[in-house]
Amino acid sequence: MNNVDVIIVGGGIGGLSTAFALTRLGLKVQVLEQAPEFGEVGAGLQLAPNCTRILDDYGLLDKAKSLGVVPDRMVMRDALDGSELTSLDLRDLERTYGYPYMVIHRSDLHGLFLEACRTAGVELLTEQRVTAYAQAEGSATVVTEDGTTRVAPLVVAADGLHSVARKLLIDDEPVSSSYVAYRGTVPIPELTRPVDLSEVVVYVGPRCHFVHYGLRGGDLLNQVAVFQSPKALAGLEDWGTPDELDTAFAATCDDVRSGMSHMWRDKWWRMFDRDPISTWVQGRIALLGDAAHPPLQYMAQGAIMAIEDGWVLTEHVKRLRAGDGVPDWDGALAAYEAVRPEHCRRVVLTARAWGELWHLDGRAREQRNLLLRHRAIDDYSFTDWVYGPTALFPEDEPPMFEPIPLASADLIVSSSQAG
Ligand code: FAD
């Protein structure tokens, strides 16, 4: 008998943040991570107010801010001519939502949760690859590669894009976007171009985009270059290679091209998501984070959704504990599944559409640019449903923004051309 309340499979940001949240309730939580060490590969993460609100609830926001950067502005520019298309005043956004928009190195955020888990008493085990799951009355079982079986009243599968647990619910595969991401972090003194570290900047261009922002109190610049791989479209195995990176950004403005020399060239990330699913729970096994809803990264909400999942699940466990402290696990899982899949479905599908908008070419690109230049800077109707407080119940989920009908884009283009 394992003698824990919750087993969490996967020690990424989703698994660790959930482990920490549940342990704060006094529950005994065990995390099983397949890797030899807990850690994160990659570079920066953007954390919107719907995440910093939760970090504040966990007592971790001040530390996160001291490790990251709280920028003043988020700016969208055209990648070909460098012109500004639209922006968000992040100070005003913080006043609007009550919590900051910040950026942080993903290993710093992961390390923050790891440290919080250690301090709170989470049992953290490495080299524990879970290969099988089973249900029993009032509990669930996981089996690790070495044949060890562990049982708990609740198993949370936070095992990422290639989740083993997801196969219990659906036999699907990751969906390739044919886009690939290159990343790179550069010490500021090594930069050959001036960069305003008070801004998060995204340059959007035909079949490509480029993002940069400061990290670690402004000591580092984080860069992400994303493009559509012609080799992926042609069905070749070897896609997203550095020669494709150079070709994809050849026609972009000087600022973007000068960033290319600082990208890591020995590692790249092919971009996959999965079609949304509405069932995340089977008996006492629940999916969480990328295992449930891996998105394309265009809304910068993947890690945030994982953190929100853990917060929502924990709030329902807390709400549904009996006087003797024993949680109504089935009730909490039902409440979790009633609210999270629909929110995450919207984010996953909006991220796909947002990516298409960023990567437009020709006349469609001109239409997009005109629409974005007409957007009022203080119009938060596009962000309220994402950056507002995380809903605990379906009725609290804010309505999504109404997409602008394409016809109005044509109207703006024709009237500006006429004038
Ligand atoms: P993962 O991070 O994949 O963690 C899963 C863990 O489970 C891993 O540690 C893995 O080793 C372990 N594991 C897997 N299988 C098993 C098994 N069978 N047994 C035991 N352990 C197992 N999100 C944001 O919120 N903001 C951003 O700005 C942002 N930018 C991004 C930029 C890029 C280029 C990319 C690619 C993604 C970005 N994301 C962003 C998304 C974010 O990185 C992910 O959504 C998030 O890390 C998912 O966390 P997770 O814990 O669910 O999964």
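Bear in mind that the values here come from a model prediction, so they are computed numbers and not experimental data.

Calculation criteria
Residues numbered from 1 in each chain as written. Predicted model: local features only at pLDDT ≥ 70, side-chain atom pairs only at ≥ 80, totals over all residues. Heavy atoms only, no water. Axes fitted to C-alpha atoms, helices over the stretch in contact; angles between N-to-C directions. Helix = DSSP H or I, 4+ residues; strand = E, 2+ residues; numbered from the N terminus. Parallel < 35°, antiparallel > 145°, perpendicular 65-115°, else oblique. Left-handed = near helix turned anticlockwise from the far one by under 90°. Contact = heavy atoms within 4.5 Å. Nonpolar A, V, L, I, M, F, W, Y, C, P; charged D, E, K, R; others polar. UniProt positions renumbered as here; feature names shortened; annotations may be inferred. Disulfide = S-S within 2.5 Å. Buried < 20%, exposed > 50% of the residue type's maximum accessible area, 1.4 Å probe, protein only. Pairing = 2+ DSSP bridges. Core = buried A, V, L, I, M, F, W, Y, C linked by side-chain atoms within 4.5 Å. Expected span 1.5 Å × (residues − 1). Bend = angle between axes of the 7 residues up to and from the residue.

(A) How the structure looks around the packing of helix H1 (residues 13-23) against helix H5 (residues 106-120). In contact at an axis separation of 9 Å, H1 and H5 are set at 30° when each is read in the N-to-C sense. Judged on the interaxial angle alone, H5 and H1 are roughly parallel. In this structure, H1 crosses over H5, and the sense of that crossing is left-handed. Of the residues in H5, those in contact with Ile-13, Leu-16, Ser-17, Ala-19, Phe-20 and Thr-23 of H1 are Arg-106, Leu-109, His-110, Phe-113, Leu-114, Ala-116, Cys-117 and Ala-120. Taken together, the residues that form the contact of H1 with H5 break down as 10 nonpolar, three polar and one charged.

(B) Structural context of the packing of helix H9 (residues 302-319) against helix H10 (residues 329-358). Two elements in contact, H9 and H10, have axes separated by 9 Å at closest approach and are oriented at 155°. Judged by the inter-axis angle, H9 sits roughly antiparallel to H10. Considering how the two elements wind past one another, H9 and H10 form a crossing that is right-handed. For the pair formed by H9 and H10, the contact residues are Met-305, Glu-308, Asp-309, Val-312, Leu-313, His-316, Val-317 and Arg-319 on the first element and Trp-329, Ala-332, Leu-333, Ala-335, Tyr-336, Val-339, Arg-340, His-343, Cys-344 and Val-347 on the second. A breakdown of the residues in the contact of H9 with H10 according to their chemical character gives 12 nonpolar, two polar and four charged.

(C) The arrangement of the UniProt feature "domain: FAD-binding" (unreviewed entry) in the protein chain in detail. Mapped onto this numbering, the UniProt entry gives "domain: FAD-binding" (unreviewed entry) at residues 4-348. Across residues 4-348 one finds 31% helix and 29% strand; the C-alpha atoms that close the span lie 33 Å apart.

(D) Main features of the state of the cysteines. Within this structure, the stated rule accounts for zero disulfides. As a non-bridged cysteine, Cys-51 has Cys-344 as the owner of its nearest cysteine sulfur, 13 Å distant. Judged by relative accessible area, Cys-344 falls into the buried class, the value being 1%.

(E) Representation of the sheet that holds strand S8 (residues 130-136) within the structure. Across the sheet, which stays open at both edges, the three strands sit in the order S8-S9-S10 with antiparallel pairing between neighbours. The open sheet has two edge strands, S8 and strand S10 (149-152), and neither has a second partner. Going from strand to strand, the sheet's axes swing by 20° on average, the running direction of each strand aside. Note that S8 and strand S9 (residues 139-144) share six bridges and pair antiparallel. Across the sheet, Ala-132 pairs through a bridge with Val-143, a residue of S9.

(F) Spotlight on the nonpolar core. Counting residues in hydrophobic clusters, the biggest one holds 104 residues, and the most contacted among them are Ile-8, Leu-47, Leu-109, Phe-113 and Tyr-133. Among the elements that take part in this core, H10 stands out by supplying nine residues, more than any other. Beyond its immediate chain neighbours, meaning those up to four positions away, Ile-8 contacts Gly-15, Thr-18, Ala-19, Leu-22, Val-29, Gln-30, Val-31, Leu-32, Val-156 and Ala-158.

(G) A look at the environment of Gly-98. For Gly-98, the location among the structural elements is in the loop between helix H4 (90-97) and strand S6 (102-105). According to the relative accessible area criterion, Gly-98 is partly exposed, its value standing at 47%. Considering only alpha carbons, one finds Gly-98 and Pro-49, 49 residues apart in sequence, at a separation of 7.5 Å.

(H) The arrangement of H10 in detail. With 30 residues, H10 should cover 44 Å at 1.5 Å per step; its first-to-last C-alpha distance of 42 Å lies within 8% of that length. Residue Glu-337 marks the point of greatest curvature in H10, where the axis turns by about 25°; the proline Pro-341 follows within four residues.

(I) View of the pairing of strand S14 (residues 208-215). The buried fraction of S14 amounts to eight of the eight residues, a majority that puts the element mostly inside the structure. Sheet topology note: the strand S13 (residues 199-205)/S14 ladder contains five bridges and is antiparallel. When the sheet's bridge partners are listed, Val-204 is paired in S14 with His-209. Hairpin connection, S13 to S14: the antiparallel pair is bridged by two residues, and Arg-207 has positive phi, about 55°. Pairing between S14 and strand S15 (residues 220-228): eight bridges, direction antiparallel. The partner of Leu-215 across the bridge, within S15, is Leu-220. Here S14 folds back onto S15 in antiparallel fashion, the turn holding four residues, of which Arg-216 has a positive phi close to 50°.

(J) Just the sheet that holds S14, in detail. One open sheet accounts for seven strands, arranged S5-S4-S13-S14-S15-S12-S16; its pairing is mixed. Each edge of the open sheet is held by one strand with a lone partner, namely strand S5 (84-89) and strand S16 (269-273). Mean inter-strand twist for the sheet, computed between neighbouring axes without regard to direction, equals 20°. Pairing of strand S12 (residues 175-187) with S16, which is carried by four bridges, proceeds in the antiparallel orientation.

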